[in-house]
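# A look at the structure
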Amino acid sequence: MTYAQAEAKFKSIKTAIGKWLGIKRVKKQIHDQATKDAFAKSDPDTKMKLIGPQLEIFTSSVSRKSDLLPTIATLVAALIVVTTLNHDLVPLRPTETKAILSLFLILIPITLNYYIKVMEHTARGAVDIIDSYQGFSTFEKMGPVSFLQSLSSEFPIIIVYIIYGVVGLIIFRIWYG
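Since we're looking at a predicted model, the values are computed, not measured.

Attention shifts here to a nonpolar patch on the surface. There is a patch of nonpolar side chains on the surface, built from F147, L148, L151, F155, I158, I159, I162, V166 and I170 and spanning about 840 Å² of accessible area. Among the structural elements, I158 can be located in helix α5 (residues 147-176). Taking the relative accessible area as the measure of exposure, I158 reaches 32% and is therefore partly exposed.

Here it is, written out as structure tokens:
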């Protein structure tokens, strides 16, 4: 099953459950052709004023989804630790517990790394758009970047690499005592 097929199946299931529960679907606002023509004829500044807030909402919502990944991995790893404190609560064998805990521990720095890369990509995209409007590089006008400025911008990824090392040590100790 392809991703598109899975999305279509999920959408049909969602629609069926909504009908069964009596939830009405909200129809999308569709503009008439006159509105579309007026937008097409307007100058780029007017278009950006109209579209800008929606682009900000879109960017914010996409980045907020990425915000949740490290939190989810951390919570699941904590949940596994808590559930293993009482063997009667969740009867897992030691190897199963080690495997699940290792998986979610390694997901913590991976999701943090992913989150940082998404933020960097978003920031670079925004700077590229600004540069394309201006016709020159914004950062060239600011002058050279100092070592401390460069280090401060790379500090989050350095912390993630430290977390990789700590998680690696913990996983090693989980499996090899």
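Within the structure shown, the criterion is met by two salt bridges. The residue R93 makes a salt bridge to E96 at a minimum N-O spacing of 3.7 Å. Among the residues examined, R93 registers a relative accessible area of 55% and is labelled exposed. For E96, a relative accessible area of 29% translates into the label partly exposed. As a salt-bridge pair, K117 and E120 come within 3.6 Å of each other at their nearest N and O atoms. Of this pair, K117 and E120 both sit in helix α4 (residues 94-134), three residues apart, which is roughly one turn of the helix.

Throughout the structure, instances matching the rule amount to two aromatic pairs. Seen from their ring centres, Y161 and Y164 are 6.2 Å apart, and the 25 degrees between their planes marks the pair as stacked. Placement of the pair is Y161 and Y164 together in helix α5, with a separation of three residues, close to one helical turn. Each ring, one from F172 and one from Y176, has its centre 5.2 Å from the other, and the planes form 45 degrees; the classification is tilted. Separated by four residues within a single helix, F172 and Y176 lie in helix α5, roughly one turn from each other. Look at Y176 and you get exposed, because its relative accessible area is 63%.

If you trace the backbone, I163 turns up in helix α5. Residues I163 and L112 lie 51 residues apart in sequence; the distance between their C-alpha atoms is 9.5 Å. Once residues lying within four places of it in the same chain are set aside, the contact partners of I163 are P109 and L112.

Moving on, we get to the nonpolar core. A general feature of soluble globular proteins is that nonpolar side chains tend to end up buried together. Residues A73, A77, I80, L101, L105, I108, V167, I171 and I174 constitute the largest nonpolar core, which totals nine residues. Sorting the residues of this core by element identifies α3 (44-85), α4 and α5 as the ones contributing at least two each. Beyond its immediate chain neighbours, meaning those up to four positions away, A73 contacts F104, L107, I108 and T111.

Here the focus is the environment of P70. Within the secondary structure, P70 sits in helix α3. For the pair P70 and N113, spaced 43 residues apart in sequence, the C-alpha to C-alpha distance is 9.1 Å. Those residues in contact with P70 that lie beyond four places of it in its chain are T111 and L112.

Our focus in this paragraph is α5. The first and last C-alpha atoms of α5 sit 40 Å apart over 30 residues, in line with the 44 Å expected at 1.5 Å per residue. Helix geometry: α5 is bent most strongly at F155, by close to 50 degrees, with proline P156 lying one to four residues after it. Residues I157, V160, V167, I171 and I174 constitute the buried set of α5.

Close inspection of predicted coordinates is inappropriate in any region flagged by low pLDDT. A residue-level look at the protein chain finds 89% of positions with pLDDT of 70 or above and a mean pLDDT of 79. Across the protein chain, the secondary-structure element scoring lowest on mean pLDDT is α3, at 75, and the one scoring highest is α5, at 88.

The next subject is the side chain of S102. Within the fold, S102 resides in helix α4. If sequence neighbours within four positions are ignored, S102 has contacts with I171, I174 and W175.

Thresholds applied
- Residues numbered from 1 in each chain as written.
- Predicted model: local features only at pLDDT ≥ 70, side-chain atom pairs only at ≥ 80, totals over all residues.
- Heavy atoms only, no water.
- Patch = residues over 30% accessible without salt bridge, like charges linked within 9 Å, V, L, I, M, F, W, Y side chains within 5 Å.
- Areas by Shrake-Rupley, 256 points an atom, 1.4 Å probe, with all protein chains shown as cover.
- Salt bridge = Lys/Arg side-chain N within 4 Å of Asp/Glu carboxyl O.
- Helix = DSSP H or I, 4+ residues; strand = E, 2+ residues; numbered from the N terminus.
- Buried < 20%, exposed > 50% of the residue type's maximum accessible area, 1.4 Å probe, protein only.
- Phe/Tyr/Trp six-rings, centres within 6.5 Å; stacked < 30°, edge-to-face > 60°.
- Contact = heavy atoms within 4.5 Å.
- Core = buried A, V, L, I, M, F, W, Y, C linked by side-chain atoms within 4.5 Å.
- Expected span 1.5 Å × (residues − 1).
- Bend = angle between axes of the 7 residues up to and from the residue.
- pLDDT = per-residue confidence, 0-100.

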